[in-house]
Amino acid sequence: MPGFELFGDAERKEVTDVLESGVLMRYGFDSLRNGHYKAKQLELEINKRFNINYSQLCSSGTSAVTMALAASGIGSGDEVIIPSFTFVASFEAIIMIGAIPVVVDIDDTLTLDIESVEKAITSKTKAIMPVHMCGSMADMRTLKELSSKYSLLLIEDACQAIGGTYDGMPLGTIGDLGCFSFDFVKTITCGEGGVVVTNNKEFALKLDYFNDHGHDHIGNNRGAESHPFIGYNFRISELNAAVGLAQFRRIDEFLNIQKLNYTIIRDALQKIEDISFRKVPFGGVESYAFLNFFLDDIETAKQVHKSFLSNGIDSCFHYLDNNWHYIRKWDHLKQIKSLYPFSEDLINGLSYLKDKDFSKSDYFIGRNISCLIKLSWSEEEVRKRAKTMVRCIREVINS
Ligand SMILES: Cc1ncc(COP(=O)(O)O)c(C=O)c1O
């Protein structure tokens, strides 16, 4: 991560195609497009690469999760289980459609703790949403078993994990629906964009309509199209899709660099006895977008993070004290600070958050350091960085 570090001629060429035709919208204007359908083309290439039947591009990863939930028929009063370590978008998407996010603990995979998931299932639960944070996954085999045992949908938020696999299947294609983000800091970026993938034809059709104000996209007269149900505008533009198309074609190039850089740093850190690495469930292969490791206790992790910063090691996060990806500091969610009134059901459904105990998650997040793996580093830079990281960690541990 992130793909923008390596923008080049391929991205420029795709964007130029669109600008020369002047058609920035994915639908219609057939006679003006010079044959360019960048969004459609990108969807076809995603299907092929991920061995999946359908994909629906959209304006962001947040839209992708919202659309996946809506296409599943999840709504008012329903509950969706998500992990405490995620991006706030998972929570936002669920409340956007009127459902209740049930936030549960994580474990040493830094994703859903299976025991906490099972305990949280009620008669209102409609879906489990694993979030493949920082390029790796939860125990998907057990989550699949749980979702079929309780007749729940499995919706994967793979926004941070493009390229990771589980039992040989791309993350995002294991559950009923999978969501990816192509925002500016993702491994594959198109500025702002996202995609939902599924093998379910009915879901795919609903995604297609819902994404574009409910239009059924039959015929070539937009004004004459029917609206089988209410939709919104979550469309991607052709300009964004053009960048995404060029980036997606480079996915192996990016993943190989990520893996190389990750491996150099991991090999160096591995020599330190007092650290352990995030657990990757059996059958899982990370996307190598981040390297995550644990120190013995929270204080040591804080000191290591501080030492990294003062020694020029950027892009490493200690999420316990960070407002970005962890429930602990999301007071706006706990206090339900909404611009507009929420339904009584939703307010009551969220009230558990005020005093829910996340000490199990704190135990893992508090000891974790999460280091972004960049694509633009030279090998010399990575080796130097790894050496500095080892020195910082040893100094803190031995102090
Ligand atoms: C796990 C996760 N889900 C959803 C999103 C939302 O994606 P976007 O920024 O494209 O809306 C992100 C973005 O960072 C994310 O990390």
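I will try to describe carefully the structure that is included in this document. (Residues numbered from 1 in each chain as written. Predicted model: local features only at pLDDT ≥ 70, side-chain atom pairs only at ≥ 80, totals over all residues. Heavy atoms only, no water.)

## Notes on the packing of helix α2 (residues 38-50) against helix α8 (residues 238-248)
What counts here: Between N-to-C directions, angles cover 0 to 180 degrees, with each direction set by a line fitted to C-alpha atoms, over the stretch in contact for helices. By the criteria applied, helices consist of DSSP H or I runs no shorter than four residues and strands consist of E runs no shorter than two, each listed in order from the N terminus. Left-handed describes a crossing in which the near helix is turned anticlockwise from the far one by less than a right angle; the clockwise case is right-handed. Any two residues having at least one pair of non-hydrogen atoms within 4.5 Å are treated as being in contact. Ten residues, namely Ala, Val, Leu, Ile, Met, Phe, Trp, Tyr, Cys and Pro, are considered nonpolar, four, namely Asp, Glu, Lys and Arg, are considered charged, and the remaining ones, Gly among them, are considered polar.
Relative to each other, α2 and α8 sit at 30°, their axes nearing to 8 Å. The crossing of α2 and α8 is left-handed. Within the contact between the two elements, α2 uses K38, A39, Q41, L42, E45, I46, R49 and F50 and α8 uses E238, A241, A242, G244, L245 and F248. Among the residues making up the contact of α2 with α8, the classes are represented as eight nonpolar, two polar and four charged.

## A word on the environment of P101
Where we set the bar: Note on classification: 1.4 Å probe, protein chains only; a residue is buried when its accessible area is under 20% of the maximum for its type, exposed when over 50%, partly exposed between these limits.
Locating P101 in the fold gives a position in strand β3 (residues 100-104). Judged by relative accessible area, which is 0%, P101 ranks as buried. Residues P101 and F91 lie 10 residues apart in sequence; the distance between their C-alpha atoms is 5.9 Å.

## Comments concerning the packing of aromatic side chains
Given two aromatic rings, their pairing is described by the distance between the two centres and the angle made by the two planes. Rules: Here the aromatic set is Phe, Tyr and Trp, taking the six-membered ring for Trp, and pairing holds for ring centres within 6.5 Å; pairs whose planes are under 30 degrees apart are stacked, those over 60 apart are edge-to-face, and all others are tilted. Only Lys NZ and Arg CZ are tested; either one counts as a charge over a ring when it is within 6 Å of the ring centre and within 35 degrees of the ring normal.
Considering all chains together, one arrives at 15 aromatic pairs under this definition. Note on F50 and F180: the rings are 5.3 Å apart at their centroids and 25° apart in plane angle, and the pair reads as stacked. Of this pair, F50 sits in helix α2 while F180 is found in strand β8 (residues 177-181), placing the two residues 130 residues apart along the sequence. Ring geometry for F210 against F234: centres 5.9 Å apart, planes inclined by 35°, an arrangement best described as tilted. Of this pair, F210 sits in helix α7 (residues 201-210) while F234 is found in the loop between α7 and α8, placing the two residues 24 residues apart along the sequence. Per residue, the accessibility class of F210 equals that of F234, and both read buried. Among the aromatic side chains, those forming a connected cluster through ring pairs are F85, F317, Y319 and W324. A cation over an aromatic ring shows up here: R266 above the ring of F277, its NZ or CZ 4.0 Å from the ring centre.

## Quick word on a nonpolar patch on the surface
We count it as follows: Patch building starts from residues that exceed 30% relative accessible area and form no salt bridge, then joins like charges within 9 Å and nonpolar side chains (Val, Leu, Ile, Met, Phe, Trp, Tyr) within 5 Å. In this description, accessible areas are obtained by the Shrake-Rupley approach with a 1.4 Å probe, and a residue is regarded as covered only by the protein chains that are shown. A side-chain nitrogen of Lys or Arg and a carboxyl oxygen of Asp or Glu constitute a salt bridge if their distance falls within 4 Å.
On the surface, a cluster of nonpolar side chains totalling about 260 Å² of accessible area is made up of F7, F184 and V185. Structurally, V185 is set in the loop between β8 and β9 (194-198). Relative accessible area serves as the criterion here: at 39%, V185 is assigned to the partly exposed category.

## Looking at the nonpolar core
Taken as a class, soluble globular proteins show a tendency for nonpolar side chains to be buried jointly. Cut-off, in case you're wondering: By convention a nonpolar core is built from buried Ala, Val, Leu, Ile, Met, Phe, Trp, Tyr and Cys residues, the set being connected through side-chain atoms within 4.5 Å.
Counting 75 residues, the largest nonpolar core has L69, I74, F85, L143 and I155 as its most contacted members. For this core, the leading source of residues is helix α3 (residues 61-71), giving six residues. Setting aside residues up to four positions removed in sequence, I74 forms contacts with L69, V80, I97, A99, K126, A127, L153 and I155.

## Observations regarding the pairing of β9
Applicable threshold: Pairing between two strands is assigned when DSSP locates at least 2 bridges connecting them.
Of all five residues that make up β9, five are buried, and the element is covered over most of its length. Of the two faces of β9, the one lined by G194, V196 and T198 and the one lined by V195 and V197 are each fully buried. Two strands pair when backbone bridges link them, and β8 and β9 are joined in this way by five bridges, in the antiparallel orientation. Across the sheet, the residue bridging to S181 is G194, located in β9.

## What about the sheet that holds strand β11 (residues 284-285)?
An order of β7-β6-β11 is seen for the three strands of this open sheet, with the pairing classed as antiparallel. Each edge of the open sheet is held by one strand with a lone partner, namely β7 (169-170) and β11. Summarising the sheet, strand β6 (residues 165-166) and β11 pair through two bridges and their orientation is antiparallel. Looking at β11, one finds that Y166 is bridged to G284.

## Structural notes on the site of the ligand
Condition: Residue proximity to a molecule or strand is established when one non-hydrogen atom of the residue lies within 4 Å of it. Counted as a polar contact is a pair of N or O atoms within 3.5 Å, where, for protein atoms, one must be capable of donating a hydrogen and the other of accepting one, and residues adjacent in sequence contribute only when both atoms are in side chains. Put plainly, a pocket is an open set of points on a 1 Å grid over the protein atoms alone with protein on both sides within 12 Å along at least five of seven lines, a cavity is a set where a 1.4 Å probe fits but cannot get out, and a lining residue has an atom within 4 Å of a point. Whether a molecule sits in a cavity or pocket is decided by its atoms, more than half of which must lie within 2 Å of the grid points.
The ligand sits among 14 residues. The nearest are G61, T62, S181, D183 and K186. One of the side-chain nitrogen or oxygen atoms of D183 is found 2.6 Å away from an oxygen atom of the ligand. Taken by itself the ligand offers 390 Å² of open surface, and the protein chains cover 93% of this. The site holding the ligand turns out to be the second largest pocket.

That is the geometry; function is a separate question.
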